[in-house]
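The chain contents come next:
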Amino acid sequence: MIGFYDYTVILTYLSMISATTGIMLCLNDIGHPYLGMFFLMFCGLCDAFDGKIARTKKNRTEQMKKFGVQIDSLSDLAAFGILPACIGIAMLRSSIDFYNFPDIKFLHLADKSAIIKIVLTGVAVLYALAALIRLAYFNVLEEERSKTEKGENKIFIGLPVTTAALIFPTILLIHIFCNANLTLLYFIFLAIVGYLFISRIQVKKPTLKGVLIMISVGLLEAGILAYIFIVMKN
């Protein structure tokens, strides 16, 4: 078989599986739109450790390193580019009564004009496109930087796409606790975050402490969502 299958790529593969599962749940009628959020947060958890684990292997060949870079970007596009967009579209098209979930109000496409449908769908598409551009541009810059500098990059140009794993679950929590229709707020943030992906803002790479804080926040959000979706409804 082509490709590599050692422990250095396992988390990236798991992230891709999680992203694909979340996308499928969002685009058919077997799952609640927000189930995709759990898969999004799991992707974020995998991304937090995949690079660090890969670097523990001392005898990686140049081919293995390049392969890891490629699959990481492709997985990130699915997880943090396409999946959040699909969650938004699922919020628009969902019309099922979910008796095992909180009574969350959604803005249905069927109830709105063609202009609103086109605009909101366009926002989701452009968000995914912005994530693609951000990832490709980062890869080009990182390849050029590695030729002249050693070590890891300390500054990111543009908002990293992985921040989607924290931003959109936070909107979900606001959505639930407000018990209001915040679907439009979700799409507003899709537009804002998508713009920040391709902006020239500089974001300092988080230290280990910063990464651990973000992981803790993500786990807290996941715990709250699980409690709301499972415990409170039972």
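Residues numbered from 1 in each chain as written. Predicted model: local features only at pLDDT ≥ 70, side-chain atom pairs only at ≥ 80, totals over all residues. Heavy atoms only, no water.

Caption draft 1: Representation of the nonpolar core. Counting 43 residues, the largest nonpolar core has Phe168 and Tyr186 as the members making the most contacts within it. Listing elements by their share of this core, those giving two or more residues are helix 1 (10-26), helix 2 (35-54), helix 3 (62-93), helix 4 (114-148), helix 5 (164-178), helix 6 (183-198) and helix 7 (208-231). Looking at this core, the element that brings in the most residues is helix 3, giving 12 residues. Setting aside its immediate chain neighbours within four residues, Phe168 contacts Met37, Leu40, Pro84, Tyr127, Tyr186, Phe189, Leu190 and Val193. (Core = buried A, V, L, I, M, F, W, Y, C linked by side-chain atoms within 4.5 Å. Buried < 20%, exposed > 50% of the residue type's maximum accessible area, 1.4 Å probe, protein only. Helix = DSSP H or I, 4+ residues; strand = E, 2+ residues; numbered from the N terminus. Contact = heavy atoms within 4.5 Å.)

Caption draft 2: Structural detail: the packing of aromatic side chains. This model, assessed by the stated rule, comprises seven aromatic pairs. Arranged with centres 6.2 Å apart and planes meeting at 50°, the rings of Tyr5 and Tyr13 form a pair that is tilted. We classify Tyr13 as partly exposed; its relative accessible area is 24%. When the ring of Tyr127 is compared with that of Phe197, the centres are 5.4 Å apart and the planes differ by 45°; the resulting orientation is tilted. Of this pair, Tyr127 sits in helix 4 while Phe197 sits in helix 6, placing them 70 residues apart in sequence. In this structure, Tyr127 and Phe197 share a single accessibility class: buried. An aromatic cluster of at least three residues, connected via ring pairs, comprises Tyr127, Phe168, Tyr186, Phe187 and Phe197. (Phe/Tyr/Trp six-rings, centres within 6.5 Å; stacked < 30°, edge-to-face > 60°.)

Caption draft 3: Geometry of helix 3. With 32 residues, helix 3 ought to run about 46 Å at 1.5 Å a step, and its terminal C-alpha atoms sit 45 Å apart, in line with that. Maximum bend of helix 3: about 35°, positioned at Ile82, with proline Pro84 one to four residues after it. (Expected span 1.5 Å × (residues − 1). Bend = angle between axes of the 7 residues up to and from the residue.)

Caption draft 4: The packing of helix 2 against helix 5, seen in detail. The interhelical angle for the contact between helix 2 and helix 5, taken along N-to-C directions, is 150°, at an axis separation of 9 Å. By the angle between their axes, helix 2 is roughly antiparallel relative to helix 5. Where helix 2 crosses over helix 5, the handedness of that crossing is left-handed. The residues of helix 5 that touch helix 2, namely those facing Met37, Leu40, Met41 and Gly44, are Ala164, Ala165, Phe168, Pro169 and Leu172. (Axes fitted to C-alpha atoms, helices over the stretch in contact; angles between N-to-C directions. Parallel < 35°, antiparallel > 145°, perpendicular 65-115°, else oblique. Left-handed = near helix turned anticlockwise from the far one by under 90°.)

Caption draft 5: Quick peek at the side chain of Thr12. With respect to the secondary-structure elements, Thr12 resides in helix 1. Setting aside anything within four residues of it in sequence, one finds Thr12 in contact with Asp50, Ile71, Asp72 and Ser75.

Caption draft 6: Up close: the environment of Thr162. Secondary-structure assignment places Thr162 in the loop between strand 1 (155-157) and helix 5. A sequence separation of 85 residues divides Thr162 from Leu77, and the C-alpha atoms of the two residues are 9.5 Å apart.

Caption draft 7: Focus on helix 5. The terminal C-alpha atoms of helix 5, which comprises 15 residues, lie 21 Å apart, in line with the 21 Å expected from a rise of 1.5 Å per residue. Three or more residues of helix 5 are buried, namely Ala164, Ala165, Phe168, Pro169, Ile171, Leu172, Leu173, His175 and Ile176.

Caption draft 8: Representation of the side chain of Asn139. With respect to the element layout, Asn139 can be found in helix 4. For Asn139, the side chain forms a polar contact with the side chain of Ser73, separated by 2.8 Å. Among all residues touching Asn139, those that are not within four sequence positions of it are Val69 and Ser73. (Polar contact = N/O pair within 3.5 Å; in protein donor to acceptor, adjacent residues only side chain to side chain.)

Caption draft 9: Local environment of the confidence of the model for the protein chain. With 84% of its residues at a pLDDT of 70 or more, the protein chain shows a mean pLDDT of 83. Taken element by element, the protein chain is modelled with least confidence in helix 7, mean pLDDT 80, and with most confidence in helix 1, mean pLDDT 93. Predicted confidence for residues 95-100 stays below pLDDT 50, and this span has eight contacts to residues more than four positions away or in other chains. (pLDDT = per-residue confidence, 0-100.)

Caption draft 10: View of a nonpolar patch on the surface. A cluster of nonpolar side chains, Tyr7, Ile10, Leu14, Ile17, Phe42, Leu45, Phe49 and Leu219, forms an exposed patch at the surface whose accessible area comes to about 690 Å². The set of elements that each furnish at least two residues to the nonpolar patch consists of helix 1 and helix 2. Relative to the helices and strands, Leu45 is located in helix 2. For Leu45, a relative accessible area of 31% translates into the label partly exposed. (Patch = residues over 30% accessible without salt bridge, like charges linked within 9 Å, V, L, I, M, F, W, Y side chains within 5 Å. Areas by Shrake-Rupley, 256 points an atom, 1.4 Å probe, with all protein chains shown as cover. Salt bridge = Lys/Arg side-chain N within 4 Å of Asp/Glu carboxyl O.)

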